[in-house]
Every structure is written in C-alpha cells, then in structure tokens.
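Observations on chain architecture
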Amino acid sequence: MTKTVIIGTNHAGLAAANAILDNSEQEVVMIERNENFSYLSCGTALWVGHQIDSVDGLFYTNREDFEAKGAKVRTQTIVDNIDFEGKIVHATDQQGDKVEESYDKLVLATGSIPISPKVPGRELKNITFMKKYEEGQNIDQMFEHEDVKNIAVIGAGYIGVEMAEAAKRRGKNVLLFDALDRCLPSYYDPWFTDDMDKNLADHGIELHYGELVKEYKGSDKVEQIVTEKGDYDVDLVINAIGFSPNNQLAKDHLELFANGAYLVDRHQQTSDPDVYAVGDCATVYSNALQGTTYIALASNALRTGIVAGENIAGNPIESPGVQGSNGISIFGHHMVSTGYSVESAAKFNLDVKYTDIEDTQKPEFMKENADVKLRMVYEASSRRIVGAQMSSTTSDISMAIHMFSLAIERQVTIDELGMLDIFFLPHFNQPYNYINKAALAAE
Ligand SMILES: Cc1cc2nc3c(=O)[nH]c(=O)nc-3n(C[C@H](O)[C@H](O)[C@H](O)COP(=O)(O)OP(=O)(O)OC[C@H]3O[C@@H](n4cnc5c(N)ncnc54)[C@H](O)[C@@H]3O)c2cc1C
Ligand SMILES: NC(=O)C1=CN([C@@H]2O[C@H](COP(=O)(O)OP(=O)(O)OC[C@H]3O[C@@H](n4cnc5c(N)ncnc54)[C@H](O)[C@@H]3O)[C@@H](O)[C@H]2O)C=CC1
C-alpha cells in the first residue's frame, strides 16, 4: 500500500489529506508542529476587532475527523529533516522523542513565514506578527489593557489594513506605516486605494506612507519606533510586511522559484517526482501572467492541496492555474480584485490597457441601490482580460469578481465582455450592465 506523509496540516495539508483519504485506500501520516488544526487566520481581524463573538468558528476541522478516515495524526511534532534518498522523515515529538516515518510519497505543506523588518530592536517585547492563532490570542489580550494605547502596524497590505481596523474598533490609537505611498499597493491601483486611504483616515487611522521604520526603541518592551521622518511612542507593534515561503526542509534538495518557493508543475509535483508541494510553500501557475509566480492565499492552498491529493490517489488531474483573486472589507468599504492591476501588470512586463466605470448596480428609480466602481485591465495586443478591480461603499458586489476570474482563466477578451448576455431585472440590474458598458467603451 502506498504510504504518504504530509508535513504541515493547515489549509493545504488538510486539503491534500482529505483528497487522498476520500479517493483511495492509501496509508496517510500527517505531521504538524502546532496543537491545533485548520486555523482560519483570515478571521483573526474579525475576532480581535470584536466583529464576531468567538474564535471557535475559525477552526473548521480537527484531528479526530482525519483519524476517523484512517489517517495517523502526529500533532506537536516538528519535522527536523528529511532523508530524500532513503525516503524517511525525521521529527521530534512533544516529549522530545525522535520519530521516524518512511514514505512512498511526500507532501510538503509547510506554508509561509512572516517577513521580519531587519531593523535594530526587533527582539523587544510587544513586537509581534499576526499569523498564528497564539499571536491572535496575544494581540487580543493586549488590546484589553488600557495602558496599551498606541498601536503601530507596519505594512499596509492585507493583514496591516485589517489589523488597523481591528485595533481602531478596540478604541486604540492606530498608526499605519507602509514603505510605499498608499495602502494595498500590490492588489489595487490608486483609483481604488485613494478611496480606501480616505476611509481609513476618516475612521481616525493615522497614515504614515513612504515611511520606513529604521529602529524599534525600548528597554524591555518596545516604547518608540523611529522612521526617517519622526519618532513615535508605541505600546505594541504588529509587523505585516508580507510572507516568504517556508522552504527550510527541502531548499537544498528541490528546485526553487526566485523567492525560494518550491517550484511545482501543474500536478503540484516538485523536481523530485515523489515529493509534492502545496499552499504557501509552493509556486502557482498564473493564468494572467501565463507563467509561474508566487501568491500566498488560503484559496490557493486549498486548491493546490486537492490537486496534489488527487494525483497521489491515482487521479492525475492538472491545476487550472490561479488568478490570485482576493477581497477586503474595511468599515463597510468593500474592494475585490483578481489578476493584475495596471501598476502590478507593469511590474510583470505585461503591456495593458484598461477601461473604468462608476455606476449603480440597479436603475436609478430603485429605492435601494449599490454604488459600483469597476476597472477592467486587458492585454494591449491580445485584448484578453488580465485583471479586474471593483469596489462599493454600500453593497456586497463581490460575486462579479468570480466572473472576471473565469474570464482570465479562459482568456476571454474585453470585446467579448461587451456583448456578454447579462440579464435585466430592476431588482438586480440595469438594462445595460456596468460590465457591458465599460467593455463597450474600451479603447
Ligand atoms: C492574518 C491573516 C489573514 C489572512 N486572510 C486571508 C484571507 O482572507 N484570504 C486568503 O485567501 N488568505 C488569507 N491569508 C493567507 C492564508 O492564511 C495563507 O495563504 C494560508 O494559511 C496558507 O495555508 P498553508 O496550509 O499553505 O500554510 P500555513 O497556514 O502557513 O500552514 C503551514 C503549516 O505547516 C506547519 N509546519 C511548518 N513547518 C513544519 C515542520 N517542520 N514540522 C511540522 N509542521 C510544520 C505549520 O505549523 C503550519 O500549521 C491570511 C493570512 C493571515 C496571517
Ligand atoms: N483578504 C485577504 O485575501 C488576505 C490575504 N492575506 C495574504 O497573506 C499574505 C501576507 O499578507 P501581508 O503580510 O499583509 O502582505 P502584503 O503583501 O499584502 O502586504 C505587505 C505590505 O508591506 C509593505 N512593506 C514591505 N516591506 C516593508 C517595510 N520594510 N516597511 C514597511 N512596509 C513594507 C508592502 O508595500 C505591502 O503594502 C499575502 O499574500 C496576503 O495576500 C492576508 C490577509 C488577508
């Protein structure tokens, strides 16, 4: 019987385990460093910001679910190294005992590690990342203390903006820093982020953009951060300047992408045919780019896990690739995007054009309506869609972005969207939908 060892059992590893266990009779061993399974860090800001009542719903499965399907589960066990020649995983369990597991197939699902700003003072207390459940617990407890007043969030990407909102909702003074001149620069063009920055500022968040932290100061705990532009008193620092792939176990054995992620094919197979890599430790195929890239998202982790698991179970499916679709909702301001913005396309040498529209979802005579802002980005030569960004200050318009995700995957052109059959009913829509209008107006 084939034996598969899965290292790392968060979203990607769990998806791979389910796919193998549900589709074959194979032996599966799951090894995880943490005690808990399946923590949805995506909900941390909602929990810490007291927008949901409890953290309990942020765990969607547990070890018993996998043991019931026949898997052997080792939690609180750290994999120390792998003998790829002999096909043996070496680990240490909670008691400090050495553990060995042989394998026929290995799945690396070791995820990502938050990047630490390399500045003096970063070892001081009250400087934290926001990735693990325990870090969320710690931040939540610190927010309880009245003397923890000033919170600095470093990095105005997804985690930073969400944690800034959460801290503000807990009544803190929030200072949000980014190296670049606006929030969410990797996902949206300024046409969208200008609105989000105004939203953040209107809710009392102090924006410090284009301002790099040079030092954290304090005797035991952090007391001040020093940037090129000033010194600021702080009681807690949350670092959120991106993730790097956790490639520690196989970086000397496998082929790597430019940022260190395990390079995989469309079956999630690495350069060692018996080793698969999934989720944040691996590359993805981008349909917008039509090439390999790195995008750390839970949604990619789940899909890549399924692909690897199905392949190991004997069903040789290929990944359709990803668009890196994502979304954010801050103080009721909703933004969603897929593929590339105009700015990010330029970074990847894609020559693009774009078409914009600001509209309402429904005809003006409808009492309840939604404002919609849309930018569609298309390749200049082929006219295929390579990105879309949308926002609304009133309504959940997120479902439309999934259509753009499919359009990118299937290489639909901007001209095809002009004539796309989008139905009309005043309750939902205008006779000319905003997608049709913007596509027809494209240069
Ligand atoms: C605050 C926050 C909010 C987020 N919000 C969203 C969102 O809204 N939408 C979205 O799509 N994505 C979101 N993400 C990103 C998403 O959480 C990650 O992309 C996802 O967790 C990746 O899953 P993974 O299983 O590949 O890796 P990870 O979640 O990093 O899991 C890797 C696992 O491997 C284990 N491991 C590592 N090394 C070893 C070892 N040597 N031995 C044993 N075990 C090991 C780790 O303990 C861990 O459990 C968010 C991330 C954060 C931090
Ligand atoms: N809603 C969603 O889909 C969410 C997704 N995630 C994912 O988790 C991963 C990690 O998220 P983030 O850490 O927020 O990364 P990110 O890539 O979204 O943002 C990092 C930010 O830090 C800034 N930065 C980089 N170096 C800096 C420095 N030295 N000083 C100051 N600013 C600096 C960047 O300009 C960028 O704005 C990402 O892949 C993200 O997409 C995280 C939270 C929510």
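Residues numbered from 1 in each chain as written. Chains lettered and ligands numbered in written order. Predicted model: local features only at pLDDT ≥ 70, side-chain atom pairs only at ≥ 80, totals over all residues. Heavy atoms only, no water.

The name an unreviewed UniProt entry gives the protein is NADH oxidase, with Tetragenococcus koreensis as the organism. Of the protein, the UniProt comment under Cofactor (unreviewed entry) reads exactly: "FAD". (UniProt positions renumbered as here; feature names shortened; annotations may be inferred.)

**Considerations on the site of ligand 2**
Neighbouring residues of ligand 2: 20 residues in total, closest Ile159, Asp178, Tyr187, Ala296 and Gly327. Ile159 places a polar main-chain atom, nitrogen or oxygen, 2.9 Å from an oxygen atom of ligand 2. In the environment of ligand 2, a nitrogen atom lies 3.5 Å from a nitrogen or oxygen atom belonging to the side chain of Glu162. Summarising the interface, the protein chains cover 79% of the accessible area of ligand 2, which totals 850 Å² for the free molecule. Take the shell around ligand 2: its biggest share by element is 3 residues, from helix α5 (residues 158-169). (Near = heavy atom within 4 Å. Polar contact = N/O pair within 3.5 Å; in protein donor to acceptor, adjacent residues only side chain to side chain. Areas by Shrake-Rupley, 256 points an atom, 1.4 Å probe, with all protein chains shown as cover. Helix = DSSP H or I, 4+ residues; strand = E, 2+ residues; numbered from the N terminus.)

**Some points on the pattern of salt bridges**
Following the criterion strictly, the structure yields 22 salt bridges and no others. Lys373 is paired through a salt bridge with Asp195; the nearest N and O atoms lie 2.7 Å apart. Of this pair, Lys373 sits in strand β24 (residues 371-379) while Asp195 sits in helix α6 (residues 190-202), and the two are 178 residues apart along the sequence. Relative accessible area serves as the criterion here: at 8%, Lys373 is assigned to the buried category. Glu409 is the salt-bridge partner of Arg410, the closest N and O atoms lying 3.5 Å from each other. On the accessibility criterion, Arg410 (58% relative accessible area) is exposed. Connected through shared salt-bridge partners, Lys3, Lys72, Arg74 and Glu101 make up one network. (Salt bridge = Lys/Arg side-chain N within 4 Å of Asp/Glu carboxyl O. Buried < 20%, exposed > 50% of the residue type's maximum accessible area, 1.4 Å probe, protein only.)

**Some points on the site of ligand 1**
As a structural note, the neighbourhood of ligand 1 is formed by 29 residues, with Asn10, Glu32, Lys131, Asp280 and Ala298 the closest of them. Measuring from an oxygen atom of ligand 1, one finds a side-chain N or O atom of Asn34 at 3.4 Å. Measuring from an oxygen atom of ligand 1, one finds a side-chain N or O atom of Lys131 at 2.6 Å. Protein burial of ligand 1: of its 1000 Å² of free accessible surface, 90% is covered by the chains. In terms of residue count, the dominant contributor to the shell around ligand 1 is helix α7 (residues 298-312) (3 residues). By residue class, the composition of the shell around ligand 1 is 13 nonpolar, 12 polar and 4 charged. (Nonpolar A, V, L, I, M, F, W, Y, C, P; charged D, E, K, R; others polar.)

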